[in-house]
Amino acid sequence: MLRMRALGEADRIVTLFSRERGKQSAVARGARKIQSKFGARLDFFSRVALMLHTGKSLDVITSVQTVRSIWEELVDPDAFATASYVAESIDALSEPDLAVPELYDALCEFQIALARKVDRDSLLAAMDLRLLGALGFAPEFEACARCGAVLGHRPLKGGRAHLSPQACGLLCDTCARELRDDPKAAAAAGGLLRMSASEFAQLRALRETPLEAIEPHGTRSRLHRITQAFVEYQMGRRSKALSVAGPQSKLQRSTSARA
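Keep in mind that what you see is a predicted model, and the values were worked out from it rather than measured.

Undergrad: Would you mind showing me how to read the overall build of the protein here?
TA: Along the backbone of the protein there are nine helices and eight strands. Buried positions account for 49% of the 259 residues belonging to the protein. Put simply, 64% of the contacts in the protein that link residues at least 6 apart link residues at least 24 apart. By element, 52% of the accessible surface of the protein is carried by carbon and sulfur atoms, the whole surface being about 12800 Å².

Set out below in structure tokens:
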């Protein structure tokens, strides 16, 4: 479940993401009542099996069975912010009633990895790449996204990689220099993000790394600020989930910085 909001005095609208139908909303009648038979099972970011009755505008939830819940892990503020960011991103970028099985699988992987307490910045970076790829927004990392020059796996000039969210990927040195010399063009391109060649290699590797295989204490804590910029560009706004994290949150400190 990605999101829940109140409806009337006792009902709740739940935003779901399923393998069969992708993102959809449904009504849980009486879910906010103390004596509700299934309201307690409708936890944020839990995996459930539902029975739905087709309604006039929204389907109605008639039965709920918990498949997997990580609510105990989400008590931690950083874990809750991490899950909220992923839920917000999927909710904002997914079309209703459009099945995206690979994104559903990635979301299930993410839930397990989050419960295992893997390095969260690395986990978010990898999940961002899964999300963008599944929805057709995958960043170009093999060639210049602006002019098409193929770069392959050669070392980048000056040991730095330049990326643009608007161009949707890597920029060659010539295109990056043109943007640096033209502030208006750089602003139109969504800013210019810089990272070391080694960090860029790690970012490439994360595309193929299973989420559960990410180490508990990784060395990629700077990568999510890059992938988050690509996600937020597609969303057209900053993430609300991370912006409300506590001032002492390591997650917020690492993701709010810009290259």
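Undergrad: Would you explain the pairing of strand E5 (residues 59-68) in this entry?
TA: The side chains of a regular strand alternate between both faces of the sheet. Bridge count between strand E3 (residues 22-28) and E5: two bridges; the pairing is parallel. Within E5, the residue paired with Ala26 across the bridge is Asp59. Summarising the sheet, strand E4 (residues 47-53) and E5 pair through seven bridges and their orientation is antiparallel. Directly across from Leu50, in E5, lies its bridge partner Val64. Here E4 folds back onto E5, and the loop between the two strands holds five residues.

Undergrad: Would you take a moment to explain the sheet that holds E3 for this structure?
TA: The strands that make up a sheet are held in pairs by hydrogen bonds between backbone atoms, and each pair lies either parallel or antiparallel. Strands sit in the order E1-E2-E3-E5-E4 across an open sheet of five strands; the sheet is mixed. The open sheet is flanked by strand E1 (3-7) and E4, the only strands paired with a single partner. Neighbour to neighbour, the strand axes of the sheet diverge by 35° on average, direction disregarded.

Undergrad: Would you take a moment to explain the sheet that holds strand E7 (residues 169-171) for this structure?
TA: Strands sit in the order E7-E6-E8 across an open sheet of three strands; the sheet is antiparallel. The strands lining the two open edges of the sheet, one partner per strand, are E7 and strand E8 (193-196). In this sheet, neighbouring strand axes are inclined to one another by 40° on average, regardless of whether the strands run parallel or antiparallel.

Undergrad: Quick question: what am I supposed to make of the side chain of Ser89 here?
TA: Within the secondary structure, Ser89 sits in helix H1 (residues 77-93). Looking at Ser89, its side chain comes within polar contact range of the main-chain oxygen of Tyr85, at 2.8 Å. Once residues lying within four places of it in the same chain are set aside, the contact partners of Ser89 are Leu131, Val231 and Met235.

Undergrad: Please explain the nonpolar core as it appears in this structure.
TA: Nonpolar side chains tend toward joint burial in soluble globular proteins. Judged by nonpolar contacts, the single largest core of 63 residues is most densely connected at Phe45, Val86, Ile90, Leu103, Phe110 and Met127. For Val86, the contacting residues outside a window of four places in its chain are Phe45, Leu107, Phe110, Leu124 and Met127. Residues Met1, Ala26, Phe38 and Ile61 belong to the second largest nonpolar core, which totals eleven residues.

Undergrad: Looking at this structure, I do not really get helix H4 (residues 173-181). What am I missing?
TA: Helical geometry note: an α-helix holds 3.6 residues per turn, so side chains three or four residues apart project in the same direction. By the burial criterion, the buried members of H4 are Cys175, Ala176 and Leu179. The arc enclosing the buried residues of H4, seen along the axis, measures out at 100°, which places them on a common side.

Undergrad: What should I look at first to understand the layout of surface pockets in this one?
TA: It is a probe the size of a water molecule, rolled over the atoms, that shows where empty space is left. Each pocket or cavity is described by its volume, and for the largest pocket that value is around 450 Å³. Along its surface, the largest pocket is lined by 20 residues, and Leu16, Phe17, Ser18, Val48 and Tyr104 are the ones closest to its centre. Sorting elements by how many residues they give to the lining of the largest pocket places E4 first, with five residues. Grouping the amino acids of the lining of the largest pocket by side-chain chemistry returns twelve nonpolar, four polar and four charged.

Undergrad: Help me understand the confidence of the model for the protein in this model?
TA: Detailed reading of predicted coordinates is not advised where the pLDDT is low. The predicted model of the protein has a mean per-residue pLDDT of 83, with 86% of residues at 70 or higher. The weakest mean pLDDT in the protein belongs to helix H9 (residues 250-256) at 41; the strongest belongs to helix H3 (residues 120-134) at 94. Taken as a whole, residues 245-259 scores under 50 in pLDDT and shows 31 contacts with residues more than four places along the chain or in a different chain.

Undergrad: Can you help me understand the pattern of salt bridges in this one?
TA: Opposite charge on two side chains allows them to pair when their charged atoms are near. According to the stated counting rule, one finds 13 salt bridges in the structure shown. The partner of Arg21 in a salt bridge is Asp97, with the nearest N and O atoms 3.0 Å apart. Note that Arg21 is positioned in the loop between strand E2 (11-18) and E3 and Asp97 in the loop between H1 and helix H2 (101-115), a separation of 76 residues in sequence. The class of Arg21 is partly exposed, set by a relative accessible area of 33%.

Parameters at a glance
- Residues numbered from 1 in each chain as written.
- Predicted model: local features only at pLDDT ≥ 70, side-chain atom pairs only at ≥ 80, totals over all residues.
- Heavy atoms only, no water.
- Helix = DSSP H or I, 4+ residues; strand = E, 2+ residues; numbered from the N terminus.
- Buried < 20%, exposed > 50% of the residue type's maximum accessible area, 1.4 Å probe, protein only.
- Contact = heavy atoms within 4.5 Å.
- Areas by Shrake-Rupley, 256 points an atom, 1.4 Å probe, with all protein chains shown as cover.
- Pairing = 2+ DSSP bridges.
- Axes fitted to C-alpha atoms, helices over the stretch in contact; angles between N-to-C directions.
- Polar contact = N/O pair within 3.5 Å; in protein donor to acceptor, adjacent residues only side chain to side chain.
- Core = buried A, V, L, I, M, F, W, Y, C linked by side-chain atoms within 4.5 Å.
- Arc of directions from axis to C-beta.
- 1 Å grid on protein atoms, 1.4 Å probe; cavity = no way out; pocket = protein on both sides within 12 Å on 5 of 7 lines; lining within 4 Å.
- Points joined across faces, edges and corners; volume = space filled by probe spheres on them.
- Nonpolar A, V, L, I, M, F, W, Y, C, P; charged D, E, K, R; others polar.
- pLDDT = per-residue confidence, 0-100.
- Salt bridge = Lys/Arg side-chain N within 4 Å of Asp/Glu carboxyl O.

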